[in-house]
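These are the residues of each chain, in order.
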Amino acid sequence: MQLYNKLSAKERETLLEQAGEERLTLSFYQYARIGNPHLFRNHLFVTWHEQDVLGRIYVAHEGINAQLSVPAIRFKEFKEFLDGIYFLKDVRLNIAIEQDLKSFLKLKVKVRDKIVADGLNDETFDVTNKGIHVDAQKFNELIEDPDVVLVDMRNHYESEIGHFKNAVTPDVDTFRDSLDIIEADLKDHKEDKKLVMYCTGGIRCEKASAYYKHKGFKNVFQLEGGIIEYARQVENQGLENKFIGKNFVFDHRRGERITEDVISNCHQCGEACDTHTNCANEACHLLFIQCDKCAVAMENCCSEECIEIIHLPYEEQKRLRQGIPNSNKIFKKGRSEKLKFKRPPSPQRGN
Ligand SMILES: [Zn+2]
Ligand SMILES: [Zn+2]
């Protein structure tokens with residue numbers, strides 16, 4: 001359990017003061033052995049429902065992954081409840097800079113096989129044998145070291161709108177693909193290079209770092225609390241910010257702006273833009289970047305075909321959707337031949 005680097009009592013006080021009657025958007029995760037995830041799920045649901053917590057929470061035998069919002073005035077109660085669960089006592093809470101009342105509309109607590117869909121066979125390595133955690137200040141120093149290889153462990157559509165300067169951003173659709181590509185690229189440097197990883201909130205690196213240690217890497221580091229925590233520390237401690245652009249997040253905001261730099265382009269016209277949207281055709285729901293002008297011209301769709309479909313009567317659209325694989329899979333890909341300014345997937349390396 002990391003006791004360092006959690007929100008101090010004073011920081012929390014300031015935050016609650018700022019929030020007033022509003023809600024706090026926060027996330028946390030913990031790897032732990034949970035014997036009966038269903039029972040645990042019910043316990044969380046009943047309590048959080050009562051506390052007016054909203055959000056999306058996954059529970060599995062391997063732990064918990066939660067993104068939620070809490071009324072600021074009930075935060076104390078919420079925190080005491082967490083501290084009463086032995087593996088969540090003093091768990092680090094990532095609190096988003098941008099407070100938004102609409103971050104979550106419902107409370108959903110789901111039991112899953114895993115808290116992160118990582119495609120890894122956990123039996124082969126020890127998840128708790130993780131890399132060295134570094135805070136923002138140490139991270140800033142570390143990534144200036146010429147022996148460091150800095151790797152963005154997120155997917156292509158996330159790093160596209162924002163990443164750390166000089167980071168390797170694998171052009172991948174899944175976490176599993178990233179692991180193999182990085183390993184293949186660094187196979188001759190497992191001992192002399194320092195592998196430094198980051199992701200949104202730290203959860204993916206937690207497992208990746210254990211995986212790479214298992215694969216023989218000697219110097220494995222991860223950014224504690226991910227980009228969310230980094231942004232908070234940089235702001236609070238007045239450190240140099242080495243992240244550029246937006247941090248992609250999985251709630252309705254799609255991204256949290258860290259700097260004013262716009263590093264990506266509208267996938268339809270090529271203009272500088274970093275606003276993600278989902279295609280208005282429900283059967284498509286493709287995740288892509290679209291500027292305001294194109295949104296109007298294309299009626300929030302990704303293609304002419306999708307515009308045609310949204311103009312059909314709703315019943316007809318429903319009929320067409322039958323038998324089409326679910327839109328979630330398309331969401332994860334975030335690519336389409338129809339988008340002029342989106343890179344096609346690179347050939348997969350590794351094995
Ligand atoms: Zn455009
Ligand atoms: Zn579409």
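Because the structure is a prediction, the values reported are computed rather than measured.

**Student:** I would appreciate a short explanation of the coordination of the zinc ion (ligand 2) in the present structure.
**Tutor:** Perfect tetrahedral coordination of a metal by four donors corresponds to 109.5 degrees between them, and perfect octahedral coordination by six donors corresponds to 90 or 180 degrees. For the zinc ion (ligand 2), the full set of protein donor atoms is C279 (SG), C284 (SG), C302 (SG) and C306 (SG), and the range of their distances to it is 2.3 to 2.4 Å. Each of the 4 donor atoms bound to the zinc ion (ligand 2) contributes to angles spanning 105 to 116 degrees, and the resulting shape is tetrahedral. Motif for the zinc ion (ligand 2), donor spacing along one chain: C-x4-C-x17-C-x3-C. Of the two residues examined, C279 and C284, each falls in the buried class.

**Student:** Help me understand the packing of aromatic side chains, please; the structure alone is not making it clear to me.
**Tutor:** For any pair of aromatic rings, the description consists of the separation of the ring centres together with the inter-plane angle of the planes. Under the criterion given, the structure shown has 15 aromatic pairs. With a centroid separation of 6.2 Å and 40 degrees between ring planes, the pair formed by F75 and F78 is classed as tilted. Taken as a pair, F75 and F78 lie in helix α3 (residues 75–83) at a separation of 3 residues, close to a single helical turn. When its relative accessible area of 0% is taken as the criterion, F78 is described as buried. Note on F164 and F243: the rings are 5.1 Å apart at their centroids and 90 degrees apart in plane angle, and the pair reads as edge-to-face. Of the two residues, F164 sits in strand β8 (residues 162–164) while F243 sits in strand β11 (residues 243–248), which places them 79 residues apart along the sequence. The exposure classification of F164 matches that of F243, with both residues buried. In textbook terms, an aromatic cluster arises when at least three aromatic residues are bridged by ring pairs, as seen for F139, F164, Y198, Y230 and F243.

**Student:** Whenever I open this one, the sheet that holds strand β12 (residues 255–257) confuses me. Can you help?
**Tutor:** Strand order in the open sheet formed by 3 strands is β8-β11-β12, with antiparallel pairing between adjacent strands. At either end of the open sheet lies a strand with only one pairing partner, and these are β8 and β12. Ignoring which end each strand starts from, the neighbouring axes of this sheet average 40 degrees apart. As defined by bridge partners, β11 adjoins β12 across 3 bridges and the pair is classed as antiparallel. Looking across to β12, one finds that K246 is bridged to R257. Helix-sheet contacts for helix α8 (residues 226–237) involve β8 and β11, and the interaxial angle to β11 is about 130 degrees.

**Student:** What should I look at first to understand the coordination of the zinc ion (ligand 1) in this one?
**Tutor:** In the first shell of the zinc ion (ligand 1), the protein supplies C266 (SG), C269 (SG), C291 (SG) and C294 (SG), at 2.3 Å from the metal. One way to put it: the 4 donor atoms around the zinc ion (ligand 1) meet at angles of 104 to 117 degrees, and that makes the site tetrahedral. The sequence pattern formed by the donor residues of the zinc ion (ligand 1) is C-x2-C-x21-C-x2-C. Of this pair, C266 sits in the loop between β12 and β13 (276–278) while C291 is found in the loop between β14 (287–289) and α9 (292–297), placing the two residues 25 residues apart along the sequence. For C266, a relative accessible area of 0% gives the class buried.

What counts, and at which threshold
Residues numbered from 1 in each chain as written. Chains lettered and ligands numbered in written order. Predicted model: local features only at pLDDT ≥ 70, side-chain atom pairs only at ≥ 80, totals over all residues. Heavy atoms only, no water. Donors = N, O, S within 2.8 Å, 3.2 Å for Na, K, Ca; no water. Tetrahedral: all angles 85-135°; square planar, octahedral: opposite > 155°, others 65-115°. Buried < 20%, exposed > 50% of the residue type's maximum accessible area, 1.4 Å probe, protein only. Phe/Tyr/Trp six-rings, centres within 6.5 Å; stacked < 30°, edge-to-face > 60°. Helix = DSSP H or I, 4+ residues; strand = E, 2+ residues; numbered from the N terminus. Pairing = 2+ DSSP bridges. Axes fitted to C-alpha atoms, helices over the stretch in contact; angles between N-to-C directions. Contact = heavy atoms within 4.5 Å.

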